[in-house]
Amino acid sequence: MNTVRPAAPQLADIEPYDPKYIPAEVMISANENAHDVPFELRREIEREVRKVAFNRYPDPLANDLRDLIAEANGLDRDQVLMGNGGDELLFDMALAWGGPGRTFLNMPPTFSVYKNNAQLTNTAIVDVPRLPDFSIDEEAVIARLAQGDIDYTIVTSPNNPSGNRVHTAFVQRMLEAADTLVMVDEAYFEFSRHTVRHLLNTYENLIILRTFSKAFSLAGVRMGYLLGSENVLREFKKVRQPYSVDAVSQAIARVVYANRSEFERGIEQIIAERGRVFDELNAMEGVEAFPSDANYILFRLGEGIDAGEVWQRLLDAGVLVRDFSRSAGLENCLRVSIGAPEENTRFLEELKASIA
Ligand SMILES: *Cc1c(COP(=O)(O)O)cnc(C)c1O
């Protein structure tokens, strides 16, 4: 044949994921850690990777890592599940709790992967949009959950891209409103220093998502994990790719997690820099920055300034940020990741120049 029949119909409206990850001198678009894993740890990683038998399948569940993470969180191994980045676990959630005839409650604007996964799995989507300041419309969410037909929902804390955190009391109300499976996506919790981990002891319908990609400098390695009840994670095990977490990544993540205190100083510096960048952004005429608990800041450009053009001018000047100006609810907004101090300074200077 020189033709092929159409792919599954739910793909028709989906664009392949494109992070617009263009090489630039200052890469502050993807919320990565500006610093790679410290040199001494890389040496230890190299020693561990040398021991890996490449010809053998890895431990499918990465039990050594699960044990490390379980112990650090006061949980059992069965309450931890590793994934090929947090993204795999988000997809697994749509496979296990979504599907035809099932419903996902979303709170846009938020991480676009959630909606995509629901579409791919033919899951119906109920949107409860955030308020203009990106806080959650709490009463509307609770009322919608209480109708009883939502199979799963995801609340991002801090939210990406807006940076604001969810109220713990609201998470608790969600967990009590229905038996809906509630994921709290804590991809940036190391920067907010807030977790709902303590609620796991009480609520069977809660799971928490975390990642090694942000605070722990391992975006290139692909490692994420879930905390939740043994019963819920058992369903995830049914849909996950058996060997999604490879042996090399397991070895790297073990070393990094065991030495995670080494990342503390860097996290503190990012938090301090976040305060400086926020203040300097808001001091600029025609810029409104939104308060952030994460390692990035969303900001909106004033009337008469085109965010898409500013994005291009920044790129021409060697600074790559993320353009959200064409996303619903994020009109004229850009997002900047907090980089090393000199990167942040350069970004602020170039932004000032490009809106002058
Ligand atoms: C980065 C991110 C993740 C997970 O990313 P991985 O690199 O796949 O681990 C999950 N949720 C949000 C909101 C993120 O920003």
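Below: a short report on this structure. (Residues numbered from 1 in each chain as written. Predicted model: local features only at pLDDT ≥ 70, side-chain atom pairs only at ≥ 80, totals over all residues. Heavy atoms only, no water.)

With that settled, the discussion passes to the overall build of the chain. From N to C terminus, the chain includes 12 helices and 13 strands. On C-alpha atoms alone, the chain measures out to a radius of gyration of 21 Å, which is about the 21 Å that the 2.2 N^0.38 rule sets for 356 residues. In terms of principal-axis extent, the alpha carbons of the chain reach across some 60 × 55 × 55 Å. For the chain, the residues scored as buried account for 52% of the 356 residues in total. A fraction of 71% describes how many contacts in the chain between residues 6 or more apart in sequence connect residues 24 or more apart. When the accessible surface of the chain is split by element, carbon and sulfur atoms take 49% of a total near 16700 Å². Here the chain contributes 37 positive and 54 negative side-chain charges, whose respective centroids are spaced 5 Å apart. (Helix = DSSP H or I, 4+ residues; strand = E, 2+ residues; numbered from the N terminus. Rg over C-alpha atoms; globule rule 2.2 N^0.38 Å. Buried < 20%, exposed > 50% of the residue type's maximum accessible area, 1.4 Å probe, protein only. Contact = heavy atoms within 4.5 Å. Areas by Shrake-Rupley, 256 points an atom, 1.4 Å probe, with all protein chains shown as cover. Lys, Arg positive; Asp, Glu negative; His and termini not counted. Charge placed at Lys NZ, Arg CZ, Asp CG, Glu CD.)

To continue, consider the sheet that holds strand S8 (residues 224-227). Strand pairs in the sheet, formed through backbone hydrogen bonds, run parallel or antiparallel to each other. As summarised here, the arrangement of the seven strands in space is S2-S8-S7-S6-S5-S3-S4, forming an open sheet in which the pairing is mixed. Strands with a single pairing partner mark the edges of an open sheet, and in this sheet they are strand S2 (80-83) and strand S4 (124-127). Neighbour-to-neighbour, the strand axes of this sheet turn through a mean angle of 25 degrees, independent of strand direction. When strand S5 (residues 152-156) meets strand S6 (residues 181-185), the two strands line up parallel, connected through five bridges. Within S6, the position partnered with Ile154 by the bridge is Met183. Against the sheet, helix H2 (residues 63-72) contacts S2 and S8, and its axis sits at roughly 130 degrees relative to S2. (Pairing = 2+ DSSP bridges. Axes fitted to C-alpha atoms, helices over the stretch in contact; angles between N-to-C directions.)

Under the criterion given, the structure shown has two cavities of 30 Å³ or more. Size it by volume and the largest cavity reaches roughly 60 Å³. Ser157, Arg165, Val166, Thr168, Glu186, Ser192, His194, Thr195 and Val196 are the residues that line the largest cavity. Tallied by class, residues from the lining of the largest cavity come to two nonpolar, five polar and two charged. Taken as a whole, the second largest cavity spans an internal volume of roughly 50 Å³. Residue lining of the second largest cavity: Asn33, Ala34, His35, Gly266, Gln269, Ile270, Ile338, Gly339 and Ala340, and that is the complete set. The residue inventory of the lining of the second largest cavity, partitioned by class, reads four nonpolar, five polar and no charged. (1 Å grid on protein atoms, 1.4 Å probe; cavity = no way out; pocket = protein on both sides within 12 Å on 5 of 7 lines; lining within 4 Å. Points joined across faces, edges and corners; volume = space filled by probe spheres on them. Nonpolar A, V, L, I, M, F, W, Y, C, P; charged D, E, K, R; others polar.)

Right, let's talk about the site of the ligand for a bit. In the region of the ligand, 14 residues are neighbours, and Gly86, Asp185, Thr211, Ser213 and Lys214 sit closest. In the environment of the ligand, an oxygen atom lies 2.6 Å from a nitrogen or oxygen atom belonging to the side chain of Tyr188. Here the shell around the ligand takes three residues from helix H3 (residues 85-97), the largest share from any one element. (Near = heavy atom within 4 Å. Polar contact = N/O pair within 3.5 Å; in protein donor to acceptor, adjacent residues only side chain to side chain.)

Here the focus is the sheet that holds strand S12 (residues 322-323). Spatially, the four strands line up as an open sheet ordered S9-S10-S13-S12, and their pairing is antiparallel. Bordering the open sheet on either side are strand S9 (287-289) and S12, each of which pairs with just one other strand. The sheet contact formed by S9 and strand S10 (residues 296-301) spans three bridges and is antiparallel. Within S10, the residue paired with Glu288 across the bridge is Arg300. Of the strands in this sheet, S9 and S10 are in contact with helix H10 (residues 264-283), which crosses S9 at around 150 degrees.

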